[in-house]
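Summary of the model geometry
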Amino acid sequence: MTSVALAFSGGLDTTVCVPILKEEYGYDEVIGVNVDVGQPTEEFDEAEETAEALGLDLHVVDAKDEFAELCFDAVKTNATYQGYPLGTALARPVIAEAILAVAEEQGCDAIAHGCTGKGNDQLRFEAVWRGSDLEVIAPVRELGLTRQWEIDYAAEKDLPVEAGDGGVWSIDENIWSRAVEGGKLENPNYEPPEEIYEWTAEPEGETTIEVTFEAGVPVAVDGEEMDPVPLIQHLNEHAGSYGVGRTDVMEDRMLGLKVRENYEHPAATVLLTAHQALEDLVLTKNERSFKKGIEQEWAEKAYQGLVFAPVVDALNAFVDETQAAVTGSATVKVSGGNCRVVARDSEYAVYSEEMASFNTEDVAGIAQEDATGVAKYHGLQERLANEVHAGVSKPELATDGSGMDETSETDDTRE
Ligand code: ARG
């Protein structure tokens, strides 16, 4: 008997995959796996009902704690991709690993997902799965299925799934972010209606929120210690009620397509803002500037679903080295949908009020007049260069394009 493990959410794509894997791919048995990274409970209820109606054996795996840990790695790294805090991107490898573990434990021969051939998720899943001996199947992509075809097929087979609209928007939700795309939002010039938002209220009112960190990891909110998952959930609700954490981005997907995405992520916004503020206080200028490059690289890899790559371990090692001193707190003000830092405090601040103050003199044996020598040298090379260049005649820029023709003529003659 042959069997295949399917990433199963109970939505249209994964529901049609169940009969297709048997009829088109010839598997005797399909096992559904639904991984909990903080989707709304209704989604699990829906998946369970659909599985039952399909006679599908459904395994549910709780990966919220593991996922939250990865989200906190992203906080330590100040990671965002084109303004997006990477919720879906970070969740996919965690989901893929959990499904693979079930597939192996159940002795499956193959593993399947319902992703299309246009998005990032197919790549993120398969980057994990293709390291196993299991056959990887992507029915929607391989058979070129369209949404309309799936709707007709589901109706014809009488599949227990909302045949039809299935909602106006395509939504992907976990504890770190809620992504909304599709429908009229596909027109980048269309302003999102208030109805697309579920986590964030219309921005009004203001409050302050203090986040405490230990070695870069958020441990308390407004003085109350919390575990990672409840801390994130609390901030999503609390900051979300002030309208914080909405982004509307033109996102460059891995396959080169530019897509319009709308996101909600109140907790991510508060934690990233507060963490950055605390780092600004405790890291040296050199650490801060070098870390920027590390952060960019980490975010790119995370977007690609490659957080398990050796290079990410190496980047994490650098980040962790810098985080030892990122202990303390930062307070943000959430107001009118914005989130900005208003206070920060750490016993490891690389800051001396005495040295920086305008009101003190001669600290650490340094007097104001000691800067005179530095001021004399500062810009020395630039001043000299400008003087020398004043005598240099610069090539004239062609204004009518004749210059360019001349160049190509010369090139032609040379060839
Ligand atoms: N574009 C984002 C990503 O690739 C999120 C995709 C979310 N999916 C959705 N159905 N809205 O990470």
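Rules of the game
- Residues numbered from 1 in each chain as written.
- Predicted model: local features only at pLDDT ≥ 70, side-chain atom pairs only at ≥ 80, totals over all residues.
- Heavy atoms only, no water.
- Helix = DSSP H or I, 4+ residues; strand = E, 2+ residues; numbered from the N terminus.
- Buried < 20%, exposed > 50% of the residue type's maximum accessible area, 1.4 Å probe, protein only.
- Pairing = 2+ DSSP bridges.
- Axes fitted to C-alpha atoms, helices over the stretch in contact; angles between N-to-C directions.
- Parallel < 35°, antiparallel > 145°, perpendicular 65-115°, else oblique.
- Left-handed = near helix turned anticlockwise from the far one by under 90°.
- Contact = heavy atoms within 4.5 Å.
- Nonpolar A, V, L, I, M, F, W, Y, C, P; charged D, E, K, R; others polar.
- pLDDT = per-residue confidence, 0-100.
- Near = heavy atom within 4 Å.
- Polar contact = N/O pair within 3.5 Å; in protein donor to acceptor, adjacent residues only side chain to side chain.
- Areas by Shrake-Rupley, 256 points an atom, 1.4 Å probe, with all protein chains shown as cover.
- Patch = residues over 30% accessible without salt bridge, like charges linked within 9 Å, V, L, I, M, F, W, Y side chains within 5 Å.
- Salt bridge = Lys/Arg side-chain N within 4 Å of Asp/Glu carboxyl O.
- Lys, Arg positive; Asp, Glu negative; His and termini not counted.
- Charge placed at Lys NZ, Arg CZ, Asp CG, Glu CD.

On to unusual backbone geometry, then. The backbone of Asn-78 shows a phi angle near 50°, a positive value even though the residue is not glycine. For Asn-78, the location among the structural elements is in the loop between α3 (64–76) and α4 (87–105). The class for Asn-78 is buried, based on a relative accessible area of 12%. Within the chain, Gln-82 stands out as a residue other than glycine whose phi angle is a positive 50°. Gln-82 sits in the partly exposed class, given a relative accessible area of 36%.

In a beta sheet, neighbouring strands are held together by backbone hydrogen bonds and run either parallel or antiparallel to one another. One open sheet accounts for 5 strands, arranged β3-β2-β1-β4-β5; its pairing is parallel. Each of the sheet's edge strands pairs with one partner strand only, and the pair in question is β3 (57–62) and β5 (135–137). On average, each strand axis in the sheet is inclined to that of its neighbour by 25°, with strand direction left out of account. For strand β1 (residues 3–7) and strand β4 (residues 110–112), the ladder comprises 3 bridges, and the chain directions are parallel. Each residue of the ladder has a partner; that of Ala-5, found in β4, is Ile-111.

Axis separation between helix α1 (residues 12–23) and helix α7 (residues 147–156) bottoms out at 10 Å; the angle between their running directions is 65°. Compared by their axis directions, α1 and α7 come out roughly perpendicular. As α1 runs across α7, the sense of the crossing is left-handed. Contacts between α1 and α7 involve Leu-12, Asp-13, Val-16, Pro-19, Ile-20 and Glu-23 from the first element and Arg-147, Trp-149, Glu-150, Ile-151, Tyr-153 and Ala-154 from the second. A class-by-class count of the residues in the contact of α1 with α7 yields 8 nonpolar, no polar and 4 charged.

Let us now look at the confidence of the model for the protein. For the protein, the average pLDDT comes to 93, and 94% of its residues sit at 70 or higher. A low-confidence stretch, residues 405–415 stays under pLDDT 50, and its non-local contacts, those more than four residues away or across chains, total 0 contacts.

This part covers the site of the ligand. By nearness alone, every residue bordering the ligand is listed as Tyr-84, Thr-88, Ala-89, Asn-120, Arg-124, Ser-170, Asp-172, Ala-179, Glu-181, Glu-251, Glu-261 and Tyr-263. Take Tyr-84: an N or O atom from its side chain is 2.7 Å from an oxygen atom of the ligand. A distance of 2.7 Å separates a nitrogen atom of the ligand from a polar side-chain atom of Glu-251. Taken by itself the ligand offers 350 Å² of open surface, and the protein chains cover 92% of this. Of all the secondary-structure elements, those providing two or more residues to the shell around the ligand are α4, β6 (170–173), β7 (178–181) and β12 (258–264). Its residues assigned to classes, the shell around the ligand shows 4 nonpolar, 3 polar and 5 charged.

On the surface, Glu-42, Asp-45, Glu-46, Glu-48, Glu-49, Glu-52 and Glu-162 cluster together into a patch of negative charge. Mapped onto the fold, Glu-162 is located in the loop between α7 and β6.

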